[in-house]
Amino acid sequence: MKNLLLTLCLFTTSKAMAFDTWWHAECTRKAMTGNGFSADARLAAQVSNYITDFHSAVLFGTGIPEKQRVEVFKLKQEMSYEYMHFDAIYSTADIEKNWQSIYVNTIQTLKKYNNNPDVKSGFRLIILFNIIGASLHIVQDFYSHSNWVNTYTLLNKSPIPTWYGEDSTYRKSLYLYTGAYPDGSAKGKKDHSELNKDCSSLPLNKEAVEVAERASIEWVKKIMEATPELPWGELKSYNIQGDAILKNFLVKLDATFLTSSSIVAGHLDGSKPAKFIFSAEKNLVKEQSMALAALNLTIGEYAAYLTLERNIYKIPSPYWAGFRVYFITRDMANGLSHSNKKYVKP
Ligand SMILES: [Zn+2]
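My aim in this report is to walk through the structure given alongside it, one point at a time.

Basis of the calculations
Residues numbered from 1 in each chain as written. Predicted model: local features only at pLDDT ≥ 70, side-chain atom pairs only at ≥ 80, totals over all residues. Heavy atoms only, no water. Helix = DSSP H or I, 4+ residues; strand = E, 2+ residues; numbered from the N terminus. Rg over C-alpha atoms; globule rule 2.2 N^0.38 Å. Buried < 20%, exposed > 50% of the residue type's maximum accessible area, 1.4 Å probe, protein only. Areas by Shrake-Rupley, 256 points an atom, 1.4 Å probe, with all protein chains shown as cover. Lys, Arg positive; Asp, Glu negative; His and termini not counted. Charge placed at Lys NZ, Arg CZ, Asp CG, Glu CD. Phe/Tyr/Trp six-rings, centres within 6.5 Å; stacked < 30°, edge-to-face > 60°. Lys NZ or Arg CZ within 6 Å of the ring centre and 35° of its normal. Arc of directions from axis to C-beta. Polar contact = N/O pair within 3.5 Å; in protein donor to acceptor, adjacent residues only side chain to side chain. Contact = heavy atoms within 4.5 Å. Axes fitted to C-alpha atoms, helices over the stretch in contact; angles between N-to-C directions. Parallel < 35°, antiparallel > 145°, perpendicular 65-115°, else oblique. Left-handed = near helix turned anticlockwise from the far one by under 90°. Nonpolar A, V, L, I, M, F, W, Y, C, P; charged D, E, K, R; others polar.

Of the regular secondary structure elements, the chain holds 15 helices and two strands. Its C-alpha atoms give the chain a radius of gyration of 19 Å, near enough to 20 Å, the size a compact globule of 346 residues would have. Dimensions of the chain along its principal axes, counting C-alpha atoms only, are 55 × 50 × 40 Å. Across the 346 residues that make up the chain, the buried fraction comes to 57%. Element-wise, carbon and sulfur atoms account for 57% of the exposed surface of the chain, whose accessible area totals about 14,300 Å². Across the chain, 39 positive and 34 negative side-chain charges occur, with their mean positions spaced 2 Å apart.

Printed below as a string of structure tokens:
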């Protein structure tokens, strides 16, 4: 418990690796509700999208020593997370390849975990939501971390097309790149900090969010069409309101963890947020102290669950299972690029 709190305090100094949480959550909400998913399904995807970022920040943004990460989060050096943010890819051709890999990997990972006898039955739908949410994370980050939106703004083209909405031959003629991450890691390339549109105080955030929302709706449609064998009806009507235990984890703990840890870390919507969750009067000091109190309560409940004998996988919540028991990000990141390296699934 003490360790968990300490580690989360370190997390608060982490750097952004994504659209800030508010924007990821908004795009994911539209993707899910726009495709006919229930409120519980939407929340499961939003939480999955956030856990992708949370693990990345703990691994790469904080400098938390490995010993402590393993002790507290059971997280070893899990390189796959570095590849989940569409960052540090420097050419149109490599970006094209990345999009192809993300699509193929997402489809394959969905198929792999659907009806897989190795998967505990209670985790099956959760893992599928984890894959949907994590794939949306990468898709959304492209619009924040690349020069796609900058390019179309200069061309004065409105609305800005989504990646798939643009003609593929024309797309190849564009000069596309994403920002170096971490900043300063690639000589002669634009840094992440110069290019990202992660929060509302940054230029082109509104334009990036708008196209990322449409791209998210389109993405979910696309992966549903490619996997007709998946239980999409069951996923769309996902309802845990009658299950007190799952409801406590998803609706109370995981949802609060998403908002409160983001606010404490300054990543709900940057350091000068336009979006507030806890403070009705939009007072940042109040917002942060209320978020910290909510975060402490949530961590307390996670910590209690972690000590239970029946929690054999030692995960904070069943909704983290795809990430912490089945390592979906290894399948999803396979072949993706970052800093001129390709991730190879172990
Ligand atoms: Zn990200």
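Now that the structure has been shown, the text picks up again.
On to unusual backbone geometry. Between Ser-158 and the following residue, Pro-159, the backbone shows a cis peptide bond with an omega angle of -5°. Mapped onto the elements of the fold, Pro-159 is located in the loop between helix H7 (148-154) and helix H8 (168-173). Of note, the bond from Tyr-181 into Pro-182 is cis; its omega dihedral lies within 30 degrees of zero at -5°. With respect to the helices and strands, Pro-182 occurs in the loop between H8 and helix H9 (192-195). Of note in this structure, Lys-314 is not a glycine but carries a positive phi near 55°. For Lys-314, the location among the structural elements is in the loop between helix H13 (284-306) and helix H14 (321-324). Residue classification places Lys-314 among the partly exposed positions, given a relative accessible area of 28%.

Across all of its chains, the model carries 30 aromatic pairs by this definition. Aromatic pair Trp-99 and Trp-163: ring centres 5.5 Å apart, planes at 15°, arrangement stacked. Of this pair, Trp-99 sits in helix H5 (residues 92-113) while Trp-163 sits in the loop between H7 and H8, and the two are 64 residues apart along the sequence. For the residue pair Trp-99 and Trp-163, the accessibility class agrees, reading buried in each case. The interplanar angle of 80° and the centroid separation of 6.2 Å between the aromatic rings of Phe-123 and Tyr-326 together place this pair among those described as edge-to-face. With Phe-123 in the loop between H5 and helix H6 (124-145) and Tyr-326 in the loop between H14 and helix H15 (328-333), this residue pair connects regions lying 203 residues apart in the sequence. For Tyr-326, a relative accessible area of 13% translates into the label buried. Feature note: the residues Phe-86, Trp-99, Tyr-103, Phe-142, Tyr-143, Trp-148, Tyr-152, Trp-163, Tyr-164 and Trp-219 constitute an aromatic cluster, connected by ring pairs. The aromatic ring of Tyr-103 is capped on one face by Lys-222, whose charged end is 5.0 Å from the ring centroid.

Time to look at helix H4 (residues 66-73). For H4, the full list of buried residues reads Gln-68, Arg-69, Val-72 and Phe-73. Projected down its long axis, H4 carries its buried residues within an arc of 100°, all on one side. Downstream of H4 by one or two residues, Lys-74 has phi in the positive range, about 55°.

With that settled, the discussion passes to the side chain of Thr-106. Position of Thr-106 among the secondary structure elements: in helix H5. Side-chain polar atoms of Thr-106 contact the backbone oxygen of Ile-102, separated by 2.6 Å. For Thr-106, the contacting residues outside a window of four places in its chain are Ile-131, Ser-135, Trp-219, Ile-223 and Met-332.

Running from N to C, helix H3 (residues 39-61) and H6 cross one another at 60°; their axes reach a closest spacing of 7 Å. Here H3 lies oblique to H6, going by the angle between them. In terms of crossing hand, the pair formed by H3 and H6 is right-handed. For the pair H3 and H6, the contacting residues are Ala-41, Ala-44, Ala-45, Ser-48, Asn-49, Thr-52 and Asp-53 in the first and Phe-129, Asn-130, Gly-133, Ala-134, Leu-136, His-137 and Gln-140 in the second. Partitioning the contact of H3 with H6 into residue classes produces six nonpolar, seven polar and one charged.

Such coordinate-based values are descriptive only and should not be taken to indicate function.
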